[in-house]
Amino acid sequence: MCPSEDKYTDEGRMEESSPSKAVIPLAIVTVVSVVCMCATAIVVATQDNGSASAPLGSGSGLSNLNVILNVGDTDFATRGPPAGDNPCAGKKLDLPNIECINDAIDGKPQAGANVTKGYKGDMEVDVEPIDKPYWQSGLCPVNVHWHLGAEHYSLGEYDEAGKGPAADEKDDDHRRLAEEARLGYQCRHYDENDARFAMPYEWKHCVGMKVGETYEVHWPHSAAGSCGTVNQYQTPFYDGVFCNLDMETLVTLTPQQIASAVGVQAQIFTIVNDESYYYPNLMRGMIVDGEKGSDIAYYTGSTTGTSRDNEKCSSYAPITWQVDRKCHKISASSFDQLCADMKSQRDDMSDDLYAHGSRELVADEWAADNGKLL
(Lines give C-alpha, C1' and ligand atoms only; values in the text may rest on other atoms or scores of the structure.)
Protein backbone atom coordinates (compact mmCIF):
# COMPACT_ATOMS: atom_id res chain seq x y z
CA MET A 1 0.00 0.00 0.00
CA CYS A 2 1.01 3.64 -0.50
CA PRO A 3 0.72 6.07 2.43
CA SER A 4 -2.31 8.38 2.48
CA GLU A 5 -2.00 12.14 2.48
CA ASP A 6 -0.66 13.19 5.85
CA LYS A 7 0.50 16.36 7.47
CA TYR A 8 4.14 17.39 7.50
CA THR A 9 5.79 19.42 10.24
CA ASP A 10 8.15 22.29 9.64
CA GLU A 11 11.01 19.98 10.52
CA GLY A 12 10.26 17.80 7.46
CA ARG A 13 8.64 15.00 9.43
CA MET A 14 5.26 13.45 8.82
CA GLU A 15 2.56 13.94 11.41
CA GLU A 16 -0.30 11.47 11.33
CA SER A 17 -3.82 12.75 12.06
CA SER A 18 -4.22 10.24 14.90
CA PRO A 19 -3.54 11.34 18.45
CA SER A 20 -0.44 9.14 18.70
CA LYS A 21 2.21 10.68 16.49
CA ALA A 22 4.48 8.39 14.46
CA VAL A 23 7.47 10.39 13.33
CA ILE A 24 8.96 9.21 9.99
CA PRO A 25 11.77 10.94 8.12
CA LEU A 26 10.65 12.71 4.93
CA ALA A 27 13.34 10.93 2.90
CA ILE A 28 11.76 7.55 3.64
CA VAL A 29 8.34 8.83 2.69
CA THR A 30 9.72 10.10 -0.58
CA VAL A 31 11.31 6.73 -1.40
CA VAL A 32 8.10 4.89 -0.56
CA SER A 33 6.11 7.23 -2.75
CA VAL A 34 8.44 6.71 -5.70
CA VAL A 35 8.35 2.95 -5.25
CA CYS A 36 4.58 3.01 -5.19
CA MET A 37 4.47 5.13 -8.33
CA CYS A 38 6.79 2.64 -10.09
CA ALA A 39 4.75 -0.30 -8.86
CA THR A 40 1.60 1.31 -10.19
CA ALA A 41 3.27 1.84 -13.56
CA ILE A 42 4.43 -1.76 -13.68
CA VAL A 43 0.95 -3.04 -12.92
CA VAL A 44 -0.49 -0.93 -15.69
CA ALA A 45 2.27 -1.84 -18.11
CA THR A 46 1.98 -5.58 -17.60
CA GLN A 47 -1.76 -6.00 -17.58
CA ASP A 48 -1.67 -7.12 -21.21
CA ASN A 49 1.07 -9.75 -21.50
CA GLY A 50 0.16 -10.53 -25.08
CA SER A 51 1.34 -7.17 -26.33
CA ALA A 52 4.93 -6.30 -27.09
CA SER A 53 4.29 -2.56 -26.84
CA ALA A 54 1.76 -0.07 -25.52
CA PRO A 55 1.16 3.66 -26.02
CA LEU A 56 2.29 6.07 -23.37
CA GLY A 57 -0.44 7.94 -21.54
CA SER A 58 -1.81 11.06 -23.17
CA GLY A 59 -0.66 13.13 -20.26
CA SER A 60 2.97 12.35 -21.02
CA GLY A 61 3.03 14.39 -24.20
CA LEU A 62 4.29 11.27 -26.05
CA SER A 63 0.98 9.56 -26.67
CA ASN A 64 1.84 8.74 -30.28
CA LEU A 65 4.90 6.70 -29.32
CA ASN A 66 5.10 3.04 -28.33
CA VAL A 67 7.47 1.60 -25.79
CA ILE A 68 8.42 -2.04 -25.38
CA LEU A 69 6.97 -3.34 -22.14
CA ASN A 70 7.44 -7.08 -22.43
CA VAL A 71 9.40 -8.66 -25.26
CA GLY A 72 7.95 -12.08 -24.46
CA ASP A 73 9.36 -14.62 -26.91
CA THR A 74 11.31 -12.05 -28.93
CA ASP A 75 14.79 -13.46 -29.49
CA PHE A 76 17.31 -10.65 -29.23
CA ALA A 77 20.12 -13.10 -30.07
CA THR A 78 19.12 -13.31 -33.72
CA ARG A 79 17.82 -9.79 -34.26
CA GLY A 80 19.95 -8.07 -36.89
CA PRO A 81 20.66 -4.38 -37.44
CA PRO A 82 18.33 -2.19 -39.52
CA ALA A 83 18.23 -2.98 -43.22
CA GLY A 84 20.74 -1.04 -45.25
CA ASP A 85 23.07 -1.12 -48.21
CA ASN A 86 25.62 -3.93 -48.25
CA PRO A 87 28.67 -2.66 -50.15
CA CYS A 88 30.19 -6.15 -50.15
CA ALA A 89 27.29 -7.96 -51.85
CA GLY A 90 28.39 -9.68 -55.05
CA LYS A 91 32.04 -8.61 -54.65
CA LYS A 92 33.37 -12.14 -55.13
CA LEU A 93 35.98 -12.21 -57.88
CA ASP A 94 35.58 -15.18 -60.20
CA LEU A 95 38.78 -17.23 -60.34
CA PRO A 96 37.93 -20.63 -61.87
CA ASN A 97 39.53 -23.86 -60.68
CA ILE A 98 42.54 -25.02 -62.65
CA GLU A 99 44.11 -28.35 -63.51
CA CYS A 100 46.63 -29.22 -60.86
CA ILE A 101 49.10 -30.51 -63.46
CA ASN A 102 48.86 -27.34 -65.52
CA ASP A 103 51.70 -24.83 -65.46
CA ALA A 104 49.18 -22.38 -64.00
CA ILE A 105 49.52 -24.16 -60.66
CA ASP A 106 53.02 -22.74 -60.25
CA GLY A 107 53.04 -20.36 -57.32
CA LYS A 108 49.59 -21.47 -56.21
CA PRO A 109 50.09 -23.97 -53.37
CA GLN A 110 46.96 -25.67 -52.11
CA ALA A 111 45.17 -26.27 -48.80
CA GLY A 112 44.33 -28.04 -46.54
CA ALA A 113 47.66 -29.63 -46.05
CA ASN A 114 49.38 -31.84 -43.55
CA VAL A 115 50.18 -29.63 -40.55
CA THR A 116 51.97 -32.23 -38.43
CA LYS A 117 54.99 -30.62 -36.84
CA GLY A 118 58.00 -31.14 -39.10
CA TYR A 119 56.02 -31.61 -42.33
CA LYS A 120 56.91 -29.65 -45.45
CA GLY A 121 55.34 -29.91 -48.86
CA ASP A 122 57.21 -30.43 -52.12
CA MET A 123 56.13 -27.26 -53.94
CA GLU A 124 58.87 -24.68 -53.87
CA VAL A 125 57.53 -21.21 -53.15
CA ASP A 126 59.17 -17.87 -52.43
CA VAL A 127 56.27 -16.45 -50.43
CA GLU A 128 56.14 -16.25 -46.65
CA PRO A 129 52.95 -16.64 -44.60
CA ILE A 130 51.85 -14.10 -42.01
CA ASP A 131 53.40 -15.40 -38.79
CA LYS A 132 51.70 -13.13 -36.26
CA PRO A 133 48.04 -12.53 -35.32
CA TYR A 134 46.14 -11.23 -38.32
CA TRP A 135 44.88 -8.14 -36.51
CA GLN A 136 48.47 -7.03 -36.10
CA SER A 137 48.75 -7.03 -39.90
CA GLY A 138 45.56 -5.04 -40.48
CA LEU A 139 43.31 -7.99 -41.38
CA CYS A 140 39.87 -8.60 -39.90
CA PRO A 141 37.61 -11.69 -39.93
CA VAL A 142 35.01 -11.43 -42.71
CA ASN A 143 33.23 -14.77 -42.27
CA VAL A 144 33.06 -17.91 -40.19
CA HIS A 145 32.09 -21.37 -41.44
CA TRP A 146 33.04 -24.97 -40.76
CA HIS A 147 33.60 -28.30 -42.45
CA LEU A 148 32.45 -31.81 -41.55
CA GLY A 149 35.58 -33.37 -40.15
CA ALA A 150 39.02 -31.82 -40.59
CA GLU A 151 40.36 -30.76 -43.97
CA HIS A 152 43.84 -30.59 -42.49
CA TYR A 153 45.81 -33.50 -41.07
CA SER A 154 47.69 -33.53 -37.76
CA LEU A 155 49.13 -36.87 -36.74
CA GLY A 156 47.88 -37.91 -33.32
CA GLU A 157 45.19 -35.21 -33.21
CA TYR A 158 42.96 -35.45 -36.28
CA ASP A 159 44.00 -38.30 -38.51
CA GLU A 160 43.01 -41.77 -39.77
CA ALA A 161 42.64 -43.07 -36.21
CA GLY A 162 40.02 -40.48 -35.29
CA LYS A 163 36.39 -41.45 -34.93
CA GLY A 164 32.95 -40.00 -34.32
CA PRO A 165 29.25 -40.86 -34.11
CA ALA A 166 27.61 -42.75 -36.94
CA ALA A 167 24.69 -40.97 -38.58
CA ASP A 168 21.54 -42.85 -37.64
CA GLU A 169 18.00 -42.83 -38.95
CA LYS A 170 16.73 -40.78 -36.01
CA ASP A 171 18.95 -37.84 -36.94
CA ASP A 172 17.66 -36.87 -40.36
CA ASP A 173 19.51 -33.57 -40.72
CA HIS A 174 22.89 -35.01 -39.78
CA ARG A 175 22.37 -38.09 -41.97
CA ARG A 176 21.38 -35.98 -44.96
CA LEU A 177 24.34 -33.64 -44.58
CA ALA A 178 26.71 -36.57 -44.06
CA GLU A 179 25.47 -38.04 -47.33
CA GLU A 180 25.90 -34.74 -49.17
CA ALA A 181 29.11 -33.53 -47.53
CA ARG A 182 32.45 -35.32 -47.64
CA LEU A 183 33.68 -36.25 -44.15
CA GLY A 184 37.26 -35.24 -43.38
CA TYR A 185 39.56 -36.49 -40.64
CA GLN A 186 38.20 -36.91 -37.13
CA CYS A 187 39.69 -36.26 -33.72
CA ARG A 188 40.48 -38.93 -31.16
CA HIS A 189 38.31 -37.62 -28.32
CA TYR A 190 35.08 -39.45 -29.12
CA ASP A 191 33.91 -42.08 -26.62
CA GLU A 192 30.48 -43.57 -27.23
CA ASN A 193 30.29 -44.64 -23.59
CA ASP A 194 30.80 -41.10 -22.32
CA ALA A 195 27.52 -39.17 -22.01
CA ARG A 196 29.24 -35.95 -23.03
CA PHE A 197 29.67 -37.36 -26.54
CA ALA A 198 26.35 -39.19 -26.75
CA MET A 199 23.73 -37.08 -25.01
CA PRO A 200 21.74 -35.19 -27.69
CA TYR A 201 21.68 -31.40 -27.71
CA GLU A 202 18.61 -29.42 -28.74
CA TRP A 203 19.98 -27.24 -31.52
CA LYS A 204 18.12 -23.95 -31.93
CA HIS A 205 20.24 -22.15 -34.51
CA CYS A 206 22.79 -24.46 -36.17
CA VAL A 207 21.61 -27.00 -38.75
CA GLY A 208 22.48 -30.69 -38.92
CA MET A 209 25.12 -30.62 -36.18
CA LYS A 210 25.98 -33.63 -34.07
CA VAL A 211 27.37 -34.04 -30.55
CA GLY A 212 30.58 -36.09 -30.70
CA GLU A 213 31.41 -35.07 -34.28
CA THR A 214 34.57 -33.30 -35.45
CA TYR A 215 34.35 -29.94 -37.23
CA GLU A 216 37.06 -27.70 -38.65
CA VAL A 217 36.16 -24.04 -38.21
CA HIS A 218 37.50 -21.43 -40.64
CA TRP A 219 37.73 -17.69 -40.09
CA PRO A 220 38.69 -16.03 -43.41
CA HIS A 221 40.44 -12.70 -42.86
CA SER A 222 41.12 -9.87 -45.27
CA ALA A 223 42.74 -6.46 -45.37
CA ALA A 224 40.14 -5.52 -47.99
CA GLY A 225 37.12 -6.36 -45.86
CA SER A 226 34.56 -3.93 -44.53
CA CYS A 227 36.39 -4.01 -41.21
CA GLY A 228 34.77 -2.44 -38.18
CA THR A 229 31.35 -1.96 -39.80
CA VAL A 230 28.01 -3.80 -39.67
CA ASN A 231 28.92 -5.27 -43.07
CA GLN A 232 32.13 -6.94 -41.89
CA TYR A 233 30.78 -10.52 -41.95
CA GLN A 234 29.64 -11.90 -45.29
CA THR A 235 28.36 -15.09 -46.90
CA PRO A 236 29.84 -16.24 -49.18
CA PHE A 237 33.15 -15.37 -47.57
CA TYR A 238 34.54 -14.26 -50.94
CA ASP A 239 32.29 -11.18 -50.77
CA GLY A 240 33.96 -10.20 -47.51
CA VAL A 241 37.48 -10.96 -48.71
CA PHE A 242 37.12 -8.86 -51.88
CA CYS A 243 34.76 -6.19 -50.54
CA ASN A 244 37.21 -3.37 -51.26
CA LEU A 245 39.31 -5.04 -53.95
CA ASP A 246 38.47 -5.26 -57.65
CA MET A 247 39.98 -7.46 -60.36
CA GLU A 248 41.94 -4.58 -61.88
CA THR A 249 43.77 -4.10 -58.60
CA LEU A 250 44.14 -7.80 -57.82
CA VAL A 251 46.10 -8.55 -60.99
CA THR A 252 48.65 -5.89 -60.07
CA LEU A 253 49.47 -7.50 -56.72
CA THR A 254 52.43 -9.78 -56.21
CA PRO A 255 51.94 -13.24 -54.67
CA GLN A 256 53.55 -11.98 -51.48
CA GLN A 257 51.20 -9.00 -51.31
CA ILE A 258 48.22 -11.33 -51.66
CA ALA A 259 49.49 -13.73 -48.99
CA SER A 260 50.06 -10.75 -46.70
CA ALA A 261 46.54 -9.41 -47.22
CA VAL A 262 44.37 -12.56 -47.07
CA GLY A 263 44.51 -15.34 -44.51
CA VAL A 264 42.46 -18.01 -42.79
CA GLN A 265 42.47 -19.19 -39.21
CA ALA A 266 41.53 -22.85 -38.71
CA GLN A 267 40.73 -24.63 -35.46
CA ILE A 268 39.44 -28.17 -35.05
CA PHE A 269 36.88 -29.19 -32.44
CA THR A 270 34.98 -32.19 -31.18
CA ILE A 271 31.54 -31.17 -29.90
CA VAL A 272 30.54 -32.25 -26.40
CA ASN A 273 27.34 -31.76 -24.45
CA ASP A 274 29.14 -30.25 -21.49
CA GLU A 275 28.84 -26.59 -20.47
CA SER A 276 32.28 -26.59 -18.86
CA TYR A 277 33.61 -26.31 -22.43
CA TYR A 278 31.54 -23.25 -23.34
CA TYR A 279 33.24 -20.38 -25.16
CA PRO A 280 31.22 -17.32 -26.24
CA ASN A 281 31.79 -15.12 -29.26
CA LEU A 282 33.33 -17.55 -31.72
CA MET A 283 32.55 -14.93 -34.37
CA ARG A 284 35.73 -13.06 -33.55
CA GLY A 285 38.15 -15.85 -34.44
CA MET A 286 40.31 -18.67 -33.15
CA ILE A 287 40.19 -19.36 -29.42
CA VAL A 288 43.50 -18.48 -27.78
CA ASP A 289 43.39 -19.75 -24.22
CA GLY A 290 45.88 -22.09 -22.60
CA GLU A 291 46.50 -24.99 -24.97
CA LYS A 292 44.00 -23.62 -27.47
CA GLY A 293 45.67 -21.59 -30.18
CA SER A 294 49.16 -22.23 -28.78
CA ASP A 295 50.53 -24.75 -31.31
CA ILE A 296 50.04 -23.18 -34.73
CA ALA A 297 51.15 -24.24 -38.20
CA TYR A 298 51.81 -21.35 -40.60
CA TYR A 299 51.95 -21.92 -44.35
CA THR A 300 50.61 -20.57 -47.64
CA GLY A 301 47.86 -22.39 -49.49
CA SER A 302 44.54 -21.78 -51.17
CA THR A 303 40.82 -21.84 -50.56
CA THR A 304 39.40 -25.29 -49.89
CA GLY A 305 36.05 -27.04 -50.34
CA THR A 306 34.96 -30.14 -52.22
CA SER A 307 35.04 -28.53 -55.67
CA ARG A 308 38.81 -29.00 -55.42
CA ASP A 309 40.92 -32.12 -55.03
CA ASN A 310 44.30 -33.29 -56.30
CA GLU A 311 43.22 -32.97 -59.91
CA LYS A 312 41.26 -29.71 -59.74
CA CYS A 313 43.06 -26.98 -57.83
CA SER A 314 41.99 -23.59 -56.52
CA SER A 315 43.10 -20.37 -58.19
CA TYR A 316 42.54 -18.41 -54.97
CA ALA A 317 46.18 -18.63 -53.93
CA PRO A 318 48.56 -17.97 -52.31
CA ILE A 319 46.90 -17.04 -49.03
CA THR A 320 48.14 -17.49 -45.48
CA TRP A 321 46.89 -20.32 -43.30
CA GLN A 322 47.24 -20.42 -39.52
CA VAL A 323 46.07 -23.82 -38.26
CA ASP A 324 45.84 -25.07 -34.70
CA ARG A 325 47.57 -28.45 -34.67
CA LYS A 326 45.59 -29.65 -31.65
CA CYS A 327 41.98 -30.83 -31.51
CA HIS A 328 39.88 -29.35 -28.72
CA LYS A 329 36.60 -30.19 -27.06
CA ILE A 330 33.95 -27.47 -27.18
CA SER A 331 30.35 -27.34 -25.98
CA ALA A 332 27.45 -27.67 -28.40
CA SER A 333 26.07 -24.46 -26.92
CA SER A 334 29.18 -22.60 -28.08
CA PHE A 335 28.38 -23.52 -31.68
CA ASP A 336 24.69 -22.74 -31.25
CA GLN A 337 25.56 -19.31 -29.86
CA LEU A 338 27.83 -18.79 -32.87
CA CYS A 339 24.96 -19.62 -35.22
CA ALA A 340 22.71 -17.18 -33.34
CA ASP A 341 25.36 -14.49 -33.75
CA MET A 342 25.59 -15.27 -37.46
CA LYS A 343 21.84 -14.82 -37.79
CA SER A 344 22.16 -11.35 -36.28
CA GLN A 345 24.46 -10.03 -39.03
CA ARG A 346 23.22 -7.65 -41.70
CA ASP A 347 24.23 -10.04 -44.48
CA ASP A 348 22.34 -13.32 -44.73
CA MET A 349 24.71 -16.00 -43.41
CA SER A 350 22.17 -18.85 -43.46
CA ASP A 351 24.26 -20.77 -46.03
CA ASP A 352 26.97 -21.16 -43.40
CA LEU A 353 24.83 -22.43 -40.52
CA TYR A 354 25.66 -26.05 -41.38
CA ALA A 355 28.85 -28.00 -42.04
CA HIS A 356 30.37 -27.93 -45.51
CA GLY A 357 32.14 -30.91 -47.03
CA SER A 358 35.89 -31.37 -46.56
CA ARG A 359 38.41 -31.30 -49.38
CA GLU A 360 40.65 -34.34 -49.61
CA LEU A 361 44.10 -33.89 -48.14
CA VAL A 362 46.41 -32.01 -50.50
CA ALA A 363 49.07 -34.17 -52.12
CA ASP A 364 52.68 -33.39 -51.21
CA GLU A 365 53.42 -32.06 -54.68
CA TRP A 366 50.77 -29.32 -54.35
CA ALA A 367 51.64 -28.39 -50.74
CA ALA A 368 54.01 -25.47 -50.05
CA ASP A 369 57.46 -26.06 -48.64
CA ASN A 370 57.26 -22.96 -46.41
CA GLY A 371 55.53 -24.46 -43.38
CA LYS A 372 56.81 -22.86 -40.20
CA LEU A 373 57.44 -24.65 -36.91
CA LEU A 374 56.11 -21.94 -34.60
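Residues numbered from 1 in each chain as written. Predicted model: local features only at pLDDT ≥ 70, side-chain atom pairs only at ≥ 80, totals over all residues. Heavy atoms only, no water.

Quick look at the overall build of the chain
The condition that has to hold: A run of DSSP states H or I qualifies as a helix once it reaches four residues; a run of E qualifies as a strand once it reaches two. Both are numbered from the N-terminal end. Accessibility here uses a 1.4 Å probe with only protein chains present; expressed as a share of the type maximum, an area under 20% marks a residue as buried, one over 50% as exposed, and anything in between as partly exposed. Whether two residues are in contact is decided by their heavy atoms, any of which lying within 4.5 Å being enough. Residue burial considers only the protein chains on display, and all accessible areas are found by Shrake-Rupley using a 1.4 Å probe.
For the chain, the count of helices and strands is seven helices and 15 strands. Here the chain holds 374 residues, and 45% of them are scored as buried. Pairs at least 24 apart in sequence give 81% of the contacts found in the chain among residues at least 6 apart. Just so you have it, the chain exposes about 19100 Å², and 51% of that area is on carbon and sulfur atoms.

Quick look at the pattern of salt bridges
A side chain of one charge can pair with a side chain of the opposite charge if their charged atoms are brought near each other. Filter applied, for reference: Put simply, a salt bridge is a Lys or Arg side-chain nitrogen that is within 4 Å of an Asp or Glu carboxyl oxygen.
Within this structure, the stated rule accounts for eight salt bridges. For Glu128, the salt bridge identified is with Lys372, shortest N-O distance 3.4 Å. Separated by 244 residues along the polypeptide, Glu128 in the loop between β5 (98–99) and β6 (140–141) and Lys372 in strand β15 (residues 372–373) bring together distant segments of the chain. Residues Asp159 and Arg188 are paired through a salt bridge, measuring 2.7 Å at the closest nitrogen-oxygen approach. Taken together, the residues span a long stretch of sequence, with Asp159 in strand β8 (residues 158–159) and Arg188 in the loop between β9 (186–187) and α3 (195–198) at a distance of 29 residues. A relative accessible area of 45% places Arg188 in the partly exposed class.

Here we look at the state of the cysteines
Let me state the cut-off plainly: Here, two cysteine sulfur atoms that lie within 2.5 Å of each other are counted as a disulfide.
Going through the model one piece at a time under the given rule, you end up with five disulfides. Each sulfur in the disulfide pair Cys140 and Cys227 lies 2.1 Å from the other. Between Cys140 and Cys227, the S-S torsion sits near -80 degrees, and that sign places the bridge as left-handed. Of this pair, Cys140 sits in strand β6 while Cys227 sits in the loop between β10 (214–222) and α4 (237–241), placing them 87 residues apart in sequence. Cys227 gets classed as partly exposed once you look at its relative accessible area, which sits at 32%. Two residues share a disulfide in this structure: Cys206 and Cys339, whose sulfurs sit 2.0 Å from each other. Judged by the sign of its S-S torsion, about 100 degrees, the bond between Cys206 and Cys339 is right-handed. Of this pair, Cys206 sits in the loop between α3 and β10 while Cys339 sits in helix α7 (residues 332–343), and the two are 133 residues apart along the sequence. Here Cys339 falls in the buried class, since its relative accessible area comes to 0%.

Digging into the nonpolar core
Operational definition: Residues grouped as a nonpolar core are buried Ala, Val, Leu, Ile, Met, Phe, Trp, Tyr and Cys residues, joined through side-chain atoms within 4.5 Å.
Counting 38 residues, the largest nonpolar core has Tyr158, Phe242, Leu250, Ile268, Tyr299, Trp321 and Val323 as the members making the most contacts within it. Contributing elements (two or more residues each) for this core: α4, β11 (262–272), β12 (296–301) and β14 (319–331). Grouped together as the second largest cluster of nonpolar side chains are 29 residues, Val211, Val217, Tyr298 and Leu353 included.

Details of the packing of aromatic side chains
The criterion, for reference: Planes of paired rings set the category: under 30 degrees apart is stacked, over 60 is edge-to-face and the rest tilted, where pairs are Phe, Tyr or Trp rings (Trp by its six-membered ring) whose centres lie within 6.5 Å. Ring-over charges, as used throughout, are those where CZ of Arg or NZ of Lys falls within 6 Å of the ring centre and within 35 degrees of the ring normal.
Applying the stated criterion across every chain, the model contains nine aromatic pairs. For the pair Trp146 and Phe335, a centre-to-centre distance of 5.4 Å together with 90 degrees between the ring planes defines the contact as edge-to-face. On the criterion of sequence distance, the pair formed by Trp146 in strand β7 (residues 145–148) and Phe335 in helix α7 is long-range, its members being 189 residues apart. Centroid distance Phe269 to Phe335: 6.3 Å. Interplanar angle 85 degrees. Geometry classified as edge-to-face. Linking Phe269 in strand β11 with Phe335 in helix α7, this pair joins segments that are 66 residues apart in sequence. With respect to class, Phe269 is no different from Phe335; both count as buried. Put simply, the rings of Trp146, Tyr215, Phe269 and Phe335 pair up and form one aromatic cluster. Directly above the aromatic system of Tyr238 lies the positively charged group of Lys92, at a separation of 4.5 Å from the ring centroid.

Overview of α7
Applied cut-off: What a helix should span is 1.5 Å times the count of its residues minus one.
End to end, α7 covers 17 Å across twelve residues, agreeing with the expected 16 Å (1.5 Å per residue, within 8%). Among the twelve residues of α7, ten are classified as buried, and the element is accordingly described as predominantly covered. Within α7 the residues assigned to the buried category are Ala332, Ser333, Ser334, Phe335, Asp336, Leu338, Cys339, Ala340, Asp341 and Met342. Buried residues belonging to α7 abut β7, β10, β11 and β14.

Quick look at the side chain of Gln322
Counted only if it meets this: Pairs of N or O atoms within 3.5 Å make up the polar contacts considered here, provided that, within protein, one atom can donate a hydrogen while the other can accept it, and that residues adjacent in sequence are counted only when both atoms are side-chain atoms.
Checked against the element boundaries, Gln322 lands in strand β14. On the accessibility criterion, Gln322 (5% relative accessible area) is buried. A polar contact of 2.9 Å, which involves the side chain of Gln322, links it to the backbone oxygen of Ile130. Not counting the four nearest positions on each side in its chain, Gln322 is found in contact with Ile130, Asp131, Lys132, Tyr134, Val264, Gln265, Ala266, Met286, Ile296, Ala297 and Tyr298.

Notes on the pairing of β12
Every other side chain in a regular strand lies on the same face of the sheet, so the side chains alternate between the two faces. Cut-off, in case you're wondering: DSSP calls a pair of strands paired once it identifies at least 2 bridges connecting them.
The buried fraction of β12 is high, at six of six residues. The alternating pattern of β12 places Ile296, Tyr298 and Thr300 on one face and Ala297, Tyr299 and Gly301 on the opposite face, and all of these are buried. Here six bridges tie β12 to β14, and the two strands are oriented antiparallel to one another. Considered in β14, the bridge of Ile296 is made with Asp324.

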